[in-house]
Amino acid sequence: MGKVHERIDGRLRQFVEAQKVFFVATAPSGSDGHVNVSPKGIGGTFTVLDERTVAYLDITASGAETIAHLRQNGRITLMFCAFEGPPNVVRLHGRGRVVSMYDEEFAELAALFTERRGARAVIVVDVTRISDSCGYGVPLMDHVGERDLLPQHMGRKGEEGLREYRRQKNQRSVDGLPAFADDDMWTDRPNGETAKGLA
């Protein structure tokens, strides 16, 4: 039934790259605090970097739990389910890091994605365990299409509108952990420079 894999390649890579939605789970350190699970399903925002590394574009939204947890302890799991075709569930356990839109590495990573509107970071995961399981309990469902609401909504805000939104919504997790306060750390960049790689 279940199997542990050494690397993300071949049919396994084809499977994770083909999924229209995946799920991200993180949690704060210790026994207190809220475990967070987030669905990710915007086309063009996930990529396999190599056999042990994946990344996805993190778009500005109403919370920043994943960023807060990764900055605290780095633990993360990505789960992919087959909603069509042969049943399968793949889990990628690993250590994640946040490449903020203000980091030097961001532009190169952001260029790997076809959708970048409203981006605030790239999440890079160094995968330490790769496993699959039967997926027999996952229902068959038809993919009707993308919801383009989040990228459009964030794209309309403009750079200053996005910064203000993140200041209001993204600075702390629901448990009060520091999350995304990066905009305030970079308000005095020389020559009015803004984040790169978003065009």
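Residues numbered from 1 in each chain as written. Predicted model: local features only at pLDDT ≥ 70, side-chain atom pairs only at ≥ 80, totals over all residues. Heavy atoms only, no water.

### Quick look at the overall build of the protein chain
Stage number 1. What the protein chain contains, in helices and strands, is 5 helices and 8 strands.
Stage number 2. Projected onto its principal axes, the C-alpha positions of the protein chain cover 55 × 40 × 25 Å.
Stage number 3. Sorting the 199 residues of the protein chain into buried and exposed places 43% on the buried side.
Stage number 4. Across the protein chain, the fraction of contacts at a sequence separation of at least 24, relative to all contacts at a separation of at least 6, is 72%.
Stage number 5. Surface summary for the protein chain: the accessible area is close to 10,700 Å², and the carbon and sulfur share equals 51%.
Stage number 6. Distance from the positive charge centre (26 side chains) to the negative charge centre (28 side chains) of the protein chain: 3 Å. (Helix = DSSP H or I, 4+ residues; strand = E, 2+ residues; numbered from the N terminus. Buried < 20%, exposed > 50% of the residue type's maximum accessible area, 1.4 Å probe, protein only. Contact = heavy atoms within 4.5 Å. Areas by Shrake-Rupley, 256 points an atom, 1.4 Å probe, with all protein chains shown as cover. Lys, Arg positive; Asp, Glu negative; His and termini not counted. Charge placed at Lys NZ, Arg CZ, Asp CG, Glu CD.)

### Section: the pattern of salt bridges
Stage number 1. Taken as a whole, this structure holds 14 salt bridges when the rule is applied.
Stage number 2. Here Asp58 makes a salt bridge to Lys40, at a shortest N to O gap of 4.0 Å. Of this pair, Asp58 sits in strand E5 (residues 53-59) while Lys40 sits in strand E3 (residues 36-40), and the two are 18 residues apart along the sequence.
Stage number 3. Its relative accessible area of 2% is what places Asp58 among the buried residues.
Stage number 4. One salt bridge in this structure joins Glu160 and Arg163, with 3.0 Å as the shortest N-O distance. Of this pair, Glu160 and Arg163 both sit in helix H4 (residues 149-169), 3 residues apart, which is roughly one turn of the helix.
Stage number 5. Note on Glu160: relative accessible area 44%, which makes it partly exposed. (Salt bridge = Lys/Arg side-chain N within 4 Å of Asp/Glu carboxyl O.)

### As for the UniProt feature "domain: Pyridoxamine 5'-phosphate oxidase N-terminal" (unreviewed entry) in the protein chain
Stage number 1. Sites flagged by UniProt as "domain: Pyridoxamine 5'-phosphate oxidase N-terminal" (unreviewed entry) map to residues 10-133.
Stage number 2. Across residues 10-133 one finds 18% helix and 45% strand; the C-alpha atoms that close the span lie 17 Å apart. (UniProt positions renumbered as here; feature names shortened; annotations may be inferred.)

### Here's the deal with the confidence of the model for the protein chain
Stage number 1. On average, the protein chain scores 93 in pLDDT, and the residues at 70 or more come to 93%.
Stage number 2. This stretch, residues 188-193, has a pLDDT under 50; its non-local contacts, to residues over four places away or in other chains, come to 3 contacts. (pLDDT = per-residue confidence, 0-100.)

### Section: the side chain of His5
Stage number 1. With respect to the helices, strands and loops of the structure, His5 is situated in strand E1 (residues 3-5).
Stage number 2. Of note is the side chain of His5, whose polar atom sits 3.0 Å from the side chain of Asp132.
Stage number 3. Setting aside residues up to four positions removed in sequence, His5 forms contacts with Leu12, Arg52, Ile130, Ser131 and Asp132. (Polar contact = N/O pair within 3.5 Å; in protein donor to acceptor, adjacent residues only side chain to side chain.)

### A short note on the nonpolar core
Stage number 1. Core analysis: the biggest nonpolar cluster contains 45 residues, and Phe46, Val54, Leu78, Phe80, Leu92 and Val122 have the highest contact counts within it.
Stage number 2. At 8 residues, the largest contribution of residues to this core is made by strand E8 (residues 119-133).
Stage number 3. Leave out the neighbours within four places in its chain, and Val54 touches Ile8, Phe46, Thr47, Val48, Leu49, Leu78, Leu92, Ile123, Val124, Val125 and Val127. (Core = buried A, V, L, I, M, F, W, Y, C linked by side-chain atoms within 4.5 Å.)

### Let's talk about the pairing of E8
Stage number 1. Within E8, 11 of the 15 residues are buried, leaving the element largely enclosed by the surrounding structure.
Stage number 2. Of the strand pairs in this sheet, E1 and E8 are connected by 3 bridges, and their pairing is antiparallel. Opposite His5, over in E8, you have Ile130 as the bridge partner.
Stage number 3. Two elements, E5 and E8, share 7 bridges in a ladder whose sense is antiparallel. Following the sheet pairing, Val54 is matched in E8 by Val125.
Stage number 4. Pairing geometry for strand E7 (residues 89-100) and E8, over 12 bridges, is antiparallel. Among the inter-strand pairings, Ser100 is bridged to a residue of E8, identified as Ala121. (Pairing = 2+ DSSP bridges.)

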